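Residue strings, one per chain:
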Amino acid sequence: MKKVIVIGDALVSSETLERAVHQLNVNEPIEVKRFEWYSNLEKEQFQEKIFQIEAGGSEAVKISEGIIGELETANYLLVHIAPVSKKMIETAQKLEFIGTCRGGTEHIHLEACNRKEIPVIHVIRNAEPVADFTLGLMLAETRNIARSHYYIKQGQWVKGFANDPYKKALSQHTVGLLGLGYIGKLVLKRLNGLGVNVIAYDPYVDIEKLDNLNVKLVELNELFRQSDILSIHARLTNGTANLVNKHLLRLMKPGSYIINTARAGLIDRKDLLEVLKEGAIAGAALDVSWTEPLEDNDDFLSLDNVTLTSHIAGDTVDAIPRSPYLLIDVLNDYLKNNTSDMLVNMK
Ligand SMILES: NC(=O)c1ccc[n+]([C@@H]2O[C@H](COP(=O)([O-])OP(=O)(O)OC[C@H]3O[C@@H](n4cnc5c(N)ncnc54)[C@H](O)[C@@H]3O)[C@@H](O)[C@H]2O)c1
């Protein structure tokens, strides 16, 4: 008998996780125990919990009620974004793996997992939609698509924009990618297809794994100096918070743009606001904000050189509901081969 604990939340229900678990290829009966983590919150309120856990990790929020006692004898633990704290991992005596149906693993105490040699396996459920959206933002901001639409809705037929001196075809820009992980690579693939010159900075990227993609790796300062469009695809960690600051922004050309579909905290808000207000760079397109939803009087709303969207880059109808089933596919692969490309630790 394999005992599987699933923890549902407001985005991925414990029922869906349980249904998915029954597709696991194991030669033993499966017993599923369902737990909840703020499953009754509205999506907007739940976003607050996501922020808390992304900023503070597994110890920053309370864990699911009653879970500790059950974990001691559990074989598998499957969650979406519910915290898997140090105490939870230390309690577990039989845990063979932890599966999470999202890309980020801020909610899991990886150090404790490493100490107990418990593999953590994840899925990237919305990399393709985010990569598509990133290209959309590049075009929207450099070619004034959203701004023109906005003016027409206001009854104005506008032909001139703040970035007029810099307008050119996408293929005439050098795009710089900050981070070449799952999403960065998919953006690169798309840009290669469009014949765009791409440079990138990623201190951990494995050149061998770039699969003939066409990109020149450069140092961080050079990335900001040379890019016409700088697109951010790193994760927000203690080491990357406010990485994009005054120093780097001031290296950028006057006709250059910042695109951010990653996390707002990677950019120093005040510094970006300053260069945009001054017109020291041509513009920015931001899918993510420092406070979400954006406040009514947010300074970014008064700028005529930004395109703002409401953290929707990854939102396609199937991404979240499909994620537990994607995870099961990956876990079945892991169970068969005893390894997986989607291992977060213990590679
Ligand atoms: N807007 C949305 O709806 C949405 C949806 C999904 C993911 N995201 C965000 O997109 C971003 C990328 O996600 P992913 O799945 O590709 O992540 P990933 O972990 O696969 O890739 C991140 C990459 O950043 C690199 N990196 C680490 N430190 C760096 C540094 N100092 N400078 C440059 N690169 C560095 C890593 O080596 C890695 O290759 C994340 O911030 C994620 O939260 C946003």
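- If you check an unreviewed UniProt entry, the chain appears there as 2-hydroxyacid dehydrogenase from Salicibibacter cibarius.
- Per its UniProt entry, the chain bears the Sequence similarities (unreviewed entry) comment "Belongs to the D-isomer specific 2-hydroxyacid dehydrogenase family."

1. Focus: the layout of surface pockets
Reasoning step 1: When its volume is computed, the second largest pocket comes out at roughly 310 Å³.
Reasoning step 2: Taken together, Ala146, Arg147, Tyr150, Tyr151, Phe300, Leu301, Leu303, Asp304, Val306, Thr307 and Leu308 form the lining of the second largest pocket.
Reasoning step 3: Those elements that provide at least two residues to the lining of the second largest pocket are helix H7 (145-153) and strand E12 (306-308).
Reasoning step 4: Looking at the lining of the second largest pocket element by element, the count peaks at four residues for H7.
Reasoning step 5: Across the lining of the second largest pocket, the residue classes break down as eight nonpolar, one polar and two charged.

2. Overview of the sheet that holds strand E3 (residues 76-79)
Reasoning step 1: If you walk across this open sheet you meet the five strands as E2-E1-E3-E4-E5, and the pairing is parallel. Because the sheet does not close on itself, it has two edges, and the strands there are strand E2 (30-37) and strand E5 (120-122). Looking at each pair of strands side by side, their axes are set apart by 20° on average, direction ignored.
Reasoning step 2: In the sheet, E3 pairs with strand E4 (residues 97-100) via four bridges, with the strands oriented parallel. Pairing of Val79 across the sheet is with Thr100, part of E4.

3. Some remarks on the nonpolar core
Reasoning step 1: With 47 residues, the main nonpolar core has Leu78, Met138, Leu177, Leu180, Leu191 and Leu331 as its most contacted residues.
Reasoning step 2: Both domain 1 (2-126 + 316-337) and domain 2 (127-308) contribute no fewer than three residues apiece to this core.
Reasoning step 3: Once you skip the residues sitting within four places of it in the chain, Leu191 turns out to touch Leu135, Met138, Val175, Leu177, Val196 and Val198.

4. Focus on helix H11 (residues 269-278)
Think of an α-helix as turning once every 3.6 residues; residues three or four places apart then point the same way.
Reasoning step 1: Listed as buried for H11 are Asp271, Leu272, Leu273, Val275 and Leu276.
Reasoning step 2: Here the buried face of H11 lies against helix H10 (246-249), strand E10 (257-260), strand E11 (283-286) and E12.
Reasoning step 3: Between the side-chain oxygen at the start of H11 and the backbone nitrogen of Lys270 there is a gap of 3.1 Å, and the oxygen is on Asp268.
Reasoning step 4: In the stretch just after H11, Gly279 is the one whose phi turns positive, near 70°.

5. Points about empty space enclosed by the protein
Reasoning step 1: For the structure on display, the rule yields one cavity of 30 Å³ or more.
Reasoning step 2: Volume-wise, the largest cavity comes out at about 30 Å³.
Reasoning step 3: Lining of the largest cavity is provided by Leu286, Ser289, Trp290, Leu294, Asp298, Phe300 and Leu308.
Reasoning step 4: Across the lining of the largest cavity, the residue classes tally to five nonpolar, one polar and one charged.

6. Thoughts on the UniProt feature "domain: D-isomer specific 2-hydroxyacid dehydrogenase NAD-binding" (unreviewed entry) in the chain
Reasoning step 1: Mapped onto this structure's residue numbering, the UniProt feature "domain: D-isomer specific 2-hydroxyacid dehydrogenase NAD-binding" (unreviewed entry) falls at residues 135-313.
Reasoning step 2: Counting secondary structure, residues 135-313 comes out at 28% helix and 15% strand; the distance between its end C-alpha atoms is 10 Å.

7. Observations regarding the UniProt feature "domain: D-isomer specific 2-hydroxyacid dehydrogenase catalytic" (unreviewed entry) in the chain
Reasoning step 1: Sequence positions flagged by UniProt for "domain: D-isomer specific 2-hydroxyacid dehydrogenase catalytic" (unreviewed entry) are, in local numbering, residues 64-338.
Reasoning step 2: As a span, residues 64-338 carries 35% helix and 14% strand, and end to end its C-alpha atoms are 29 Å apart.

8. Quick look at the domain arrangement of the chain
Reasoning step 1: Domains assigned within the chain are domain 1 (2-126 + 316-337) and domain 2 (127-308).
Reasoning step 2: Look at where the C-alpha atoms of domain 1 and domain 2 centre, and you get two points 32 Å apart.
Reasoning step 3: At the junction of the two partners, domain 1 supplies 10 residues and domain 2 supplies eight residues.
Reasoning step 4: When domain 1 packs against domain 2, the two sides together hide about 830 Å² of surface, and 51% of this comes from carbon and sulfur.
Reasoning step 5: It is Phe51, Ile124 and Asn126 that lose the most area in domain 1 upon contact with domain 2, and together they represent 54% of the buried surface on that side.
Reasoning step 6: Linking domain 1 with domain 2 are one salt bridge.
Reasoning step 7: Between Arg263 and Glu54 there is a salt bridge whose closest N-O contact spans 2.9 Å.
Reasoning step 8: Seen at the junction of domain 1 and domain 2, the total is three residue pairs in polar contact (both at pLDDT 80 or more).

9. Notes on the site of the ligand
Reasoning step 1: For the ligand, the set of nearby residues contains 24 residues, the closest of which are Ile183, Asp202, Ala234, Arg235 and Thr261.
Reasoning step 2: The backbone of Gly181 places a nitrogen or oxygen atom 3.3 Å from an oxygen atom of the ligand.
Reasoning step 3: Protein coverage of the free-state accessible area of the ligand, which is 870 Å², stands at 85%.
Reasoning step 4: A breakdown of the residues in the shell around the ligand according to their chemical character gives 12 nonpolar, eight polar and four charged.

10. Digging into the pairing of E4
Reasoning step 1: On E4, burial covers both faces: Phe97 and Gly99 on one face and Ile98 and Thr100 on the other are all buried.
Reasoning step 2: Chirality of the crossover, the property in question, places the unit of E3, helix H4 (residues 86-91) and E4 among those that are right-handed.
Reasoning step 3: Sheet topology places E4 next to E5; three bridges connect them, and they run parallel. What sits directly across from Gly99, in E5, is Ile121.
Reasoning step 4: As for the winding sense of the linkage, the β-α-β connection from E4 through helix H5 (residues 110-115) to E5 is right-handed.

Cut-offs and rules
- Residues numbered from 1 in each chain as written.
- Predicted model: local features only at pLDDT ≥ 70, side-chain atom pairs only at ≥ 80, totals over all residues.
- Heavy atoms only, no water.
- UniProt positions renumbered as here; feature names shortened; annotations may be inferred.
- 1 Å grid on protein atoms, 1.4 Å probe; cavity = no way out; pocket = protein on both sides within 12 Å on 5 of 7 lines; lining within 4 Å.
- Points joined across faces, edges and corners; volume = space filled by probe spheres on them.
- Helix = DSSP H or I, 4+ residues; strand = E, 2+ residues; numbered from the N terminus.
- Nonpolar A, V, L, I, M, F, W, Y, C, P; charged D, E, K, R; others polar.
- Pairing = 2+ DSSP bridges.
- Axes fitted to C-alpha atoms, helices over the stretch in contact; angles between N-to-C directions.
- Core = buried A, V, L, I, M, F, W, Y, C linked by side-chain atoms within 4.5 Å.
- Buried < 20%, exposed > 50% of the residue type's maximum accessible area, 1.4 Å probe, protein only.
- Domains from an automatic or database assignment.
- Contact = heavy atoms within 4.5 Å.
- Polar contact = N/O pair within 3.5 Å; in protein donor to acceptor, adjacent residues only side chain to side chain.
- Buried area = accessible area lost by both parts, 1.4 Å probe.
- Salt bridge = Lys/Arg side-chain N within 4 Å of Asp/Glu carboxyl O.
- Near = heavy atom within 4 Å.
- Areas by Shrake-Rupley, 256 points an atom, 1.4 Å probe, with all protein chains shown as cover.
- Right-handed = clockwise from strand over helix to strand, strands pointing away.

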